[in-house]
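# Working through the structure, step by step
These are the residues of each chain, in order.
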Amino acid sequence: MGRTINTKRTPPHPKPVEKVELSEEHLKRRLVLTILFLLLGAGAIAYGFMQFLSGDDDAGWTEIEANATSDELSCSEDFVFLYELGAGDTSALAENKVLKTLYTELAVDAYKFFDVDYTYDGVGNVCSINRSPNEIVTVEPALYNALELVQEYGDRSIYLGPVYQMYDSLLFCEGDSQTADYDPYQNSYLMEYYGEIAAYACDPESVDIELLGDNQVRLAVSEEYLAYAEENGITDYIDFSWMTNAFITDYLADSLIENGYTHGCITSYDGFVRNLDDRDVSYSFAIYSRDGSEVDQPAILQYTGQQSIVYLRNYMMSEKDAYHYYEMDDGEIRTLYLDPADGLCKSALNDLVSYSGEKSCAEVLLSVKEIYIAEELDAEALDALTGESVYTVYVLDGELMYNESGLTEERSEDGVIYLTR
């Protein structure tokens, strides 16, 4: 998988954010999942077409499922891959068979590439890098591209590996009585410890990935940080953590497109979507908003063409979200959205949908994450991203906000606002 890095970005020409007053009658509606995604078990992330035909030998919209394998781990359970079989020159039956095989291989490979826990013969992955500080490691092209992109955007989040590991333990606590051992907001010692790691993470002289070309990298770690890591039992210097599926979504989508399969879309349970379809066919993405314990669907974004969508939210929507969130007894929620400056979880909004027809999921994520992981929302910074073809939709104080010019609005009888681009 290749990617051309564009370092000459168009200067931003921000458009004032649009404000749409939401109907009070429907602002507090409980979340209602579409029948399609109830069947798929994909949670309330997105939904595509209202026509859905199942069956391996039927033409039409089908969920492509990876073949079950007993000896290899796969990331396929994190995704829903919808495809319109038989829309091209190949029969639906033959196309389904090929897609299953290809998707299975891609999902297995992607899992290995970004695995932080294990190494695999013949595969240079994240774990390989962590186990070889200050040594040259040859990694998979998809991982090299990911590291290159992170470096281009100047994001230091992947160097919070040791803190992500601690937060993972927090998320799997069985009750609040256990959380003080992992939660910096309850434990001043941990807050200081996370701050120390964050200081190393933000300092390229302490830890940095050197890109050497030909898929070779070197994890440069200072003697001081090496000593600190040994003293504190640190082994995972880098970790894509909650961002992993953004890069995997792109890997899956780009690989499928390169193989000529474009009549579908891929959605991860944690909010990353790539629409592969370059036809004039309508897709929809539900806009959600949390207010206290209520989750509403005030709007739906309708679009055509290939698209990358990133949905960031600071609360759970499905059982799988236990990997990303922990809700305290008092309703406070801990997330993996960590600020590299101090290693603490933050979110400026409950919900933020960002999208682009020109950039990948990872590029959209890296464009908006610093704005989202903050104490307060910087709306002007979001608006400035329109100059880079990255647009956002969110709800603020009961108003639907969006910043892409040319969107048309239509309110349905039940108060949902349809935004069409």
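In case you missed it, the structure is sitting above this.
This report concerns the structure included in the present document. (Residues numbered from 1 in each chain as written. Predicted model: local features only at pLDDT ≥ 70, side-chain atom pairs only at ≥ 80, totals over all residues. Heavy atoms only, no water.)

## Considerations on unusual backbone geometry
Put simply, the test is: By the criteria applied, helices consist of DSSP H or I runs no shorter than four residues and strands consist of E runs no shorter than two, each listed in order from the N terminus. Each residue's exposure class comes from its accessible area (1.4 Å probe, protein chains only) as a fraction of the maximum for that residue type: buried when under 20%, exposed when over 50%, partly exposed otherwise.
The backbone of Asp-214 sits at a positive phi, close to 50°, despite the residue not being glycine. Take Asp-214: it is sitting in the loop between β5 (207-213) and β6 (216-221). Residue classification places Asp-214 among the exposed residues on the basis of a relative accessible area of 72%. A positive phi angle is found at Ser-389, which is not glycine, with a value near 65°. With respect to the helices, strands and loops of the structure, Ser-389 is situated in the loop between α12 (379-384) and β15 (391-396). The class of Ser-389 is buried, set by a relative accessible area of 13%.

## What about the sheet that holds strand β10 (residues 294-303)?
What counts here: One requirement defines pairing of two strands: DSSP has to find at least two bridges between them. Only C-alpha atoms enter the line fits that serve as axes; for helices the fit covers just the stretch in contact. Angles between N-to-C directions range over 0 to 180 degrees.
The four strands are arranged β9-β10-β18-β17 in an open sheet whose pairing can be described as mixed. The open sheet is flanked by β9 (283-291) and β17 (408-411), the only strands paired with a single partner. The average angle at which neighbouring strand axes cross in this sheet is 25°, direction not considered. Pairing between β10 and strand β18 (residues 417-420): four bridges, direction parallel. Looking at β18, one finds that Ala-299 is bridged to Ile-417.

## Focus on the packing of aromatic side chains
Given two aromatic rings, their pairing is described by the distance between the two centres and the angle made by the two planes. Our working definition: By convention, a stacked pair of Phe, Tyr or Trp rings (six-membered ring in the case of Trp) has centres within 6.5 Å and planes under 30 degrees apart, an edge-to-face pair has planes over 60 apart, and any other such pair is tilted.
Considering all chains together, one arrives at 22 aromatic pairs under this definition. Here the aromatic rings of Phe-114 and Phe-240 are separated by 5.3 Å at their centres, their planes lie at 85°, and the arrangement is edge-to-face. Of this pair, Phe-114 sits in helix α3 (residues 92-114) while Phe-240 sits in the loop between α9 (223-232) and α10 (244-258); the two residues are 126 residues apart in sequence, bridging distant segments of the chain. Accessibility classification places Phe-114 together with Phe-240 in one group, the buried group.

## Side note on the packing of α10 against helix α11 (residues 361-372)
When two helices pack together, you describe them by how their axes are tilted relative to each other and by the distance separating the axes. Applicable threshold: Put simply, angles under 35 degrees are roughly parallel, angles over 145 are roughly antiparallel, angles from 65 to 115 are roughly perpendicular, and the rest are oblique. Note on definitions: a residue-residue contact is assigned when non-hydrogen atoms from the two residues lie within 4.5 Å. In this count, Pro and Cys sit with the nonpolar residues alongside Ala, Val, Leu, Ile, Met, Phe, Trp and Tyr, while Asp, Glu, Lys and Arg are called charged and the others, Gly among them, polar.
Packing of α10 against α11 leaves a shortest axis separation of 8 Å and a crossing angle of 150°. By the angle between their axes, α10 is roughly antiparallel relative to α11. Across the interface between the two elements, Ala-246, Phe-247, Thr-249 and Asp-250 of α10 pack against Cys-361, Ala-362, Leu-365 and Leu-366 of α11. When grouped by side-chain class, the residues that make up the contact of α10 with α11 number six nonpolar, one polar and one charged.

## Some words on the pairing of β9
Most of β9 is tucked away, with eight of its nine residues classed as buried. Pairing geometry for β9 and β10, over eight bridges, is antiparallel. Paired with Asp-291 across the bridge in β10 is Glu-294. Taking the residues that link successive antiparallel strands as the turn, the β9-β10 hairpin has two residues, and the phi of Gly-292 there is positive, at about 65°.

## Quick look at empty space enclosed by the protein
Rolled over the atoms, a probe with the dimensions of a water molecule shows which regions are left empty. What counts here: Buriedness for pockets is judged along seven lines, at least five of which must meet protein on both sides within 12 Å for an open set on the 1 Å grid over protein atoms alone, while cavities are sets there where a 1.4 Å probe fits but cannot get out, and lining residues have an atom within 4 Å of a point. Grid points are joined across faces, edges and corners, and a volume is the space filled by probe spheres set on the points.
Per the counting criterion, the structure on display carries five cavities of 30 Å³ or more. Residues belonging to the lining of the largest cavity are distributed by class as follows: six nonpolar, two polar and one charged.

## Digging into the layout of surface pockets
In this structure, the largest pocket encloses a volume near 860 Å³. Around the largest pocket sit 28 residues that line it, and Asp-78, Tyr-111, Ser-241, Thr-244 and Tyr-323 are the ones nearest its centre. When contributions to the lining of the largest pocket are tallied by element, the ones reaching two or more residues are α3, α6 (161-171) and α10. If you tally residues by element for the lining of the largest pocket, the top one is α6, at four residues. Split into classes, the residues belonging to the lining of the largest pocket amount to twelve nonpolar, seven polar and nine charged.

## Quick word on the environment of Lys-112
Within the secondary structure, Lys-112 sits in helix α3. In sequence terms Lys-112 and Glu-72 are 40 residues apart; their C-alpha atoms lie 9.4 Å from each other.

## Topic: the pairing of strand β8 (residues 272-275)
Neither face of β8 is left uncovered, since the one carrying Phe-272 and Arg-274 and the one carrying Val-273 and Asn-275 both have all their residues buried. The hairpin formed by strand β7 (residues 264-268) and β8 contains three residues between the paired strands, and Gly-271 there has a positive phi angle of roughly 100°. Two elements, β8 and strand β11 (residues 307-313), share four bridges in a ladder whose sense is antiparallel. Bridge assignment links Val-273 to a residue of β11, and that residue is Ile-309.

## Digging into α9
Counted only if it meets this: In this context, the arc is that of the directions from the helix axis out to the C-beta atoms.
For α9, the full list of buried residues reads Tyr-225, Tyr-228 and Ala-229. End-on view of α9: buried residues confined to an arc of 100°, all on one side of the axis. In α9, the exposed positions angled more than 90 degrees off the buried face are occupied by Glu-223, Glu-230 and Glu-231. Close packing links the buried residues of α9 with α6, α8 (188-201), β5 and β6. Just downstream of α9, Gly-233 is the residue with a positive phi angle, here 70°.

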